[in-house]
Amino acid sequence: MPSSNGENPSGPLELSEVLYIQTKDGGELPFEVVGILEDPDENTSYAVLMHDAHEEGDGEFIVTDMEGNLVDDDALAQEILDEFLVFAEEAGADGGAS
């Protein structure tokens, strides 16, 4: 999956990195890494990416592993996204303080 510079990621994804996801109609959409969540029980990390759809309203989210591969398990992806959204909401409510 190419990154913002058109090359395949050479290592784990990082915050603010942009991946271009190919759509079914042959186009590409830019998705920016907006969060990285770790599962200490499984010793794995996941990236949450968002496509900011200015004209279309709300943004669209996807969940990948740290190499940029989409998470195939829909239930797992939704669980990761839900955790991210709760964390983001709490961080916003706290003014971003840790």
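Definitions and cut-offs
Within each chain, residue numbers correspond to sequence positions counted from 1 in written order. The predicted nature of this model means local features are confined to residues of pLDDT at least 70 and side-chain atom pairs, given and counted, to a pLDDT of 80 or more, with totals for whole chains, interfaces and linings taken over all residues. Only hydrogens and water are removed before side-chain values are computed, so all heavy atoms of the structure are retained for them. Secondary structure follows DSSP: runs of H or I at least 4 residues long count as helices, runs of E at least 2 residues long count as strands, and numbering of each begins at the N terminus. The classification of residues rests on relative accessible area computed with a 1.4 Å probe and restricted to protein chains. Under 20% of the type maximum is buried, over 50% is exposed, and intermediate values are partly exposed. Only heavy atoms matter for contacts: two residues are in contact if any of them lie within 4.5 Å across the pair. Note on areas: Shrake-Rupley with a 1.4 Å probe; residue coverage comes only from the protein chains shown. The quantity called pLDDT is the predictor's confidence in a given residue, expressed from 0 to 100. For two strands to be treated as a pair, DSSP must find no fewer than two bridges joining them. Multiplying 1.5 Å by the residue count of a helix minus one yields the expected span of that helix. Between N or O atoms, a polar contact is any pair within 3.5 Å; within protein, one atom must be a potential hydrogen donor and the other a potential acceptor, and residues adjacent in sequence are included only when both atoms are from side chains. In this analysis, axes come from line fits to C-alpha atoms, helices being fitted only over the stretch in contact, and the angle between any two N-to-C directions falls in the range 0 to 180 degrees.

A.B. asks: Looking at this model, I keep getting lost on the overall build of the protein. Mind explaining?
C.D. replies: Along the backbone of the protein there are 1 helix and 4 strands. Mapped from its N terminus to its C terminus, the protein presents α and β elements in the order β-β-β-β-α. Buried positions account for 27% of the 98 residues belonging to the protein. In the protein, the proportion of contacts linking residues at least 24 apart, taken out of those at least 6 apart, comes to 21%. Per element, the accessible surface of the protein, about 6800 Å² overall, is 46% carbon and sulfur.

A.B. asks: Just checking my understanding: could you explain the confidence of the model for the protein for this structure?
C.D. replies: Overall, the predicted model of the protein reaches an average pLDDT of 85, with 83% of residues at or above 70. A low-confidence stretch, residues 1-7 (pLDDT under 50), is modelled with 18 contacts involving residues beyond four sequence positions or located in other chains.

A.B. asks: Before we go on, may I ask you to explain the pairing of strand 1 (residues 18-22) in this structure?
C.D. replies: Consecutive side chains of a regular strand alternate in pointing toward one face of the sheet and then the other. With 5 bridges joining them, strand 1 and strand 2 (residues 28-39) adopt antiparallel strand pairing. By the bridge assignment for strand 2, Gln22 is matched with Glu28. Once strand 1 ends, the chain turns through 5 residues before running back antiparallel as strand 2, passing Gly26 with a positive phi of about 90 degrees.

A.B. asks: Looking at this model, I keep getting lost on helix 1 (residues 74-93). Mind explaining?
C.D. replies: Side chains of residues three or four places apart in an α-helix project in the same direction, reflecting 3.6 residues per turn. Taking 1.5 Å as the rise per residue, helix 1 with 20 residues should run 28 Å; its terminal C-alpha atoms sit 28 Å apart, in good agreement. The secondary structure elements touched by the buried residues of helix 1 are strand 2, strand 3 (44-51) and strand 4 (60-65). If you check the start of helix 1, you find a side-chain oxygen 3.0 Å away from the backbone N of Ala75, and it comes from Asp73.

A.B. asks: Looking at this model, I keep getting lost on the environment of Phe61. Mind explaining?
C.D. replies: Structurally, Phe61 is set in strand 4. Among the residues examined, Phe61 registers a relative accessible area of 28% and is labelled partly exposed. With 17 residues separating them in the primary sequence, Phe61 and Gln78 have C-alpha atoms 9.9 Å apart. Leave out the neighbours within four places in its chain, and Phe61 touches Phe31, Val34, Val48, Leu49, Met50, Leu81, Phe84 and Leu85.

A.B. asks: Please explain the sheet that holds strand 4 as it appears in this structure.
C.D. replies: In spatial order, the strands read 1-2-3-4; together these 4 strands make up an open sheet with antiparallel pairing. Both outer strands of the open sheet, strand 1 and strand 4, are each paired with one neighbouring strand and no more. Averaged over all pairs of adjacent strands, the angle between their axes in this sheet comes to 40 degrees, without regard to strand direction. For strand 2 and strand 3, the ladder comprises 7 bridges, and the chain directions are antiparallel. Bridging from a neighbouring strand, Val33 pairs with Leu49 of strand 3. Its contacts with the sheet put helix 1 on strand 2, strand 3 and strand 4, and the angle it makes with strand 4 is roughly 115 degrees.

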